[in-house]
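Residues per chain, in single letters:
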Amino acid sequence: MKKLILAATLGLVAIFCAPAQAANDSASVTVTINLTSKCVFGTVAPVVFAYTSFQAALATATGGTFNMKCTNTMPYKMGFTNAPTPAVSDAVTDDAVNLAYTLGLSATTGTGSGVDQAYSVSGSMALGQAGTCLTAACTNAAATNKVRTLYVVY
């Protein structure tokens, strides 16, 4: 009987001391990301000319700075027309003061870096223009073509 009790006790100990078995399994998860690339203009500072009628030298504009931010590594083109290859300059005769000028850009192509990239709109006005003004000094505040549009194509 002692042998039977000892065998039963040892059997119970073996059952309770056996290592625990856990079940394991795994599965793969596929992640799909649909990224829409984008370019964003920052605020463009006004382009400002100071000109005197019949001026003997070419006038250059001040201002025109802006930032462009595009999706990382994405190539882009900038210009004054919304076309696959935008126009790199914009020739205008202001309809209020009747002075002709040309706008350009510090660069017309770039590659997105995901952060702001600095550019500027440059401007030049030919020498010797008379202009139109009824008083000693005028502005083009009433001009209907003083706002020009920049485009980015990507």
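Rules of the game
- Residues numbered from 1 in each chain as written.
- Predicted model: local features only at pLDDT ≥ 70, side-chain atom pairs only at ≥ 80, totals over all residues.
- Heavy atoms only, no water.
- Disulfide = S-S within 2.5 Å.
- Helix = DSSP H or I, 4+ residues; strand = E, 2+ residues; numbered from the N terminus.
- Buried < 20%, exposed > 50% of the residue type's maximum accessible area, 1.4 Å probe, protein only.
- Phe/Tyr/Trp six-rings, centres within 6.5 Å; stacked < 30°, edge-to-face > 60°.
- Core = buried A, V, L, I, M, F, W, Y, C linked by side-chain atoms within 4.5 Å.
- Contact = heavy atoms within 4.5 Å.
- Salt bridge = Lys/Arg side-chain N within 4 Å of Asp/Glu carboxyl O.

1. Points about the state of the cysteines
Stage number 1. Inspection of the entire model under this criterion finds two disulfides.
Stage number 2. Between Cys39 and Cys70 runs a disulfide, and the two sulfur atoms are separated by 1.9 Å. In this structure the cystine formed by Cys39 and Cys70 twists about its S-S bond by roughly 120°; its chirality is therefore right-handed. Here the residue Cys39 occupies a position in strand E1 (residues 39-41), and Cys70 occupies one in strand E5 (residues 65-70), the gap between them amounting to 31 residues.
Stage number 3. Cys70 gets classed as buried once you look at its relative accessible area, which sits at 2%.

2. Here we look at unusual backbone geometry
Stage number 1. Even without being glycine, Thr73 reaches a positive phi, approximately 70°.
Stage number 2. Relative accessible area serves as the criterion here: at 60%, Thr73 is assigned to the exposed category.
Stage number 3. Residues other than glycine seldom take positive phi values, yet Asn98 does so here, at roughly 55°.
Stage number 4. Residue placement: Asn98 occurs in the loop between strand E7 (89-93) and strand E8 (100-105).
Stage number 5. Looking at Asn98, the relative accessible area reads 43%, which means it is partly exposed.

3. Some remarks on the packing of aromatic side chains
Each pair of aromatic rings is reported with the distance of its centres and the angle of its planes.
Stage number 1. Summed over the entire model, instances satisfying the criterion amount to four aromatic pairs.
Stage number 2. The interplanar angle of 55° and the centroid separation of 5.6 Å between the aromatic rings of Phe41 and Phe66 together place this pair among those described as tilted. Of the two residues, Phe41 sits in strand E1 while Phe66 sits in strand E5, which places them 25 residues apart along the sequence.
Stage number 3. Here Phe66 falls in the buried class, since its relative accessible area comes to 3%.
Stage number 4. Seen in terms of ring centroids, Tyr76 and Tyr119 are 6.5 Å apart; in terms of plane orientation they differ by 85°. Their pairing is edge-to-face. Residue Tyr76 is found in strand E6 (residues 75-79), and its partner Tyr119 is found in strand E10 (residues 117-125); the two are separated by 43 residues along the sequence. Like Tyr119, Tyr76 is buried.
Stage number 5. Here the aromatic residues Phe41, Phe66, Tyr76 and Tyr119 are joined through ring pairs into a cluster of three or more.

4. Re the nonpolar core
Stage number 1. Ranked by internal contacts, the top residues of the largest apolar core, which has 21 residues, are Cys39, Phe66, Met68, Tyr76, Met78, Leu105 and Val121.
Stage number 2. Elements with a contribution of two residues or more to this core: E5, E6, E8 and E10.
Stage number 3. Setting aside residues up to four positions removed in sequence, Leu105 forms contacts with Phe66, Met78, Gly79, Phe80, Val88, Ser120, Val121, Ser122 and Leu150.

5. Remarks on the pattern of salt bridges
As a working rule, side chains carrying opposite charge can pair if their charged atoms are close by.
Stage number 1. Inspection of every chain in the model, using the stated rule, returns one salt bridge.
Stage number 2. Measuring nitrogen to oxygen at the nearest pair gives 2.8 Å for the salt bridge that ties Asp90 to Arg148. Here Arg148 lies in the loop between E10 and strand E11 (151-153) and Asp90 lies in strand E7, a separation of 58 residues in the sequence.
Stage number 3. When its relative accessible area of 12% is taken as the criterion, Asp90 is described as buried.
Stage number 4. Taking the relative accessible area as the measure of exposure, Arg148 reaches 34% and is therefore partly exposed.

6. Considerations on the environment of Thr149
Stage number 1. Inspection of the secondary structure puts Thr149 in the loop between E10 and E11.
Stage number 2. Not counting the four nearest positions on each side in its chain, Thr149 is found in contact with Gly79 and Phe80.

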